[in-house]
Amino acid sequence: MKLPLMPKATAVWLIENTALSFRQISEFCGLHELEVQGIADGDVAIGMRGYNPIDNNQLSKDEIIRCENDPAANLELITSDVIENLPPRKKDTKYTPISLRQEKPYAILWLIKRYPEQL
């Protein structure tokens, strides 16, 4: 199951702005139900700003209203064919130290061009 971007911030927004149950929010955000309850009590995610899933095209207002009226229903992310068909992202390269970056030959060439008489 796909999760929304920034699940805790999304859960904060859903708790503050909707009448969804803790179970519905936890299922949608991929969090434990007690963690969602802790967010509502103010024990978890203190000072975190909510992330509006409606403005970011992850949920529709109609979907929230449907789930508020039916406590057994689960929220569903809006899917996009463009995003689903993207190739997988390549693994980022790790940091390469300067000594291994193949810059030494260029430095030697620069020295030979600038100071040929001292060789």
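Residues numbered from 1 in each chain as written. Predicted model: local features only at pLDDT ≥ 70, side-chain atom pairs only at ≥ 80, totals over all residues. Heavy atoms only, no water.

(A) Up close: the overall build of the protein chain. Looking only at helices and strands, the protein chain has 6 helices and 0 strands in total. Going from N to C terminus, the protein chain has its helices and strands arranged as α-α-α-α-α-α. C-alpha atoms of the protein chain, sized along the principal axes, occupy 85 × 35 × 20 Å. In the protein chain, which comprises 119 residues, the share counted as buried stands at 24%. Contacts spanning at least 24 positions in sequence make up 56% of the contacts within the protein chain whose residues lie at least 6 apart. Accessible area for the protein chain stands at about 9300 Å²; split by element, carbon and sulfur atoms hold 55% of it. In the protein chain, 14 positive and 17 negative side-chain charges are present, and the distance between their average locations comes to 17 Å. (Helix = DSSP H or I, 4+ residues; strand = E, 2+ residues; numbered from the N terminus. Buried < 20%, exposed > 50% of the residue type's maximum accessible area, 1.4 Å probe, protein only. Contact = heavy atoms within 4.5 Å. Areas by Shrake-Rupley, 256 points an atom, 1.4 Å probe, with all protein chains shown as cover. Lys, Arg positive; Asp, Glu negative; His and termini not counted. Charge placed at Lys NZ, Arg CZ, Asp CG, Glu CD.)

(B) Highlighting the nonpolar core. L14, I25, C29 and L75 are the most contacted members of the largest nonpolar core, which totals 16 residues. Ranked by residues supplied to this core, first place goes to helix α1 (residues 7-17) with 4 residues. Discounting chain neighbours no more than four positions away, the residues touching L14 are L20, I25, F28, C29, P53, L59, I64 and L75. (Core = buried A, V, L, I, M, F, W, Y, C linked by side-chain atoms within 4.5 Å.)

(C) View of the environment of K94. Of note, K94 is situated in the loop between α5 (81-84) and α6 (104-114). On the basis of relative accessible area, K94 is assigned to the exposed category, the value being 68%.

(D) View of the pattern of salt bridges. With the rule as written, the count across this model stands at 2 salt bridges. Note that E35 and K8 form a salt bridge whose closest N and O atoms lie 3.2 Å from each other. Of the two residues, E35 sits in helix α3 (residues 33-41) while K8 sits in helix α1, which places them 27 residues apart along the sequence. Overall, E35 belongs to the partly exposed group, its relative accessible area being 24%. (Salt bridge = Lys/Arg side-chain N within 4 Å of Asp/Glu carboxyl O.)

(E) Representation of a nonpolar patch on the surface. Nonpolar side chains collect at one region of the surface, where W110, L111 and Y115 lie side by side and expose about 330 Å² of accessible area between them. Counting through the fold element by element, L111 comes out in helix α6. (Patch = residues over 30% accessible without salt bridge, like charges linked within 9 Å, V, L, I, M, F, W, Y side chains within 5 Å.)

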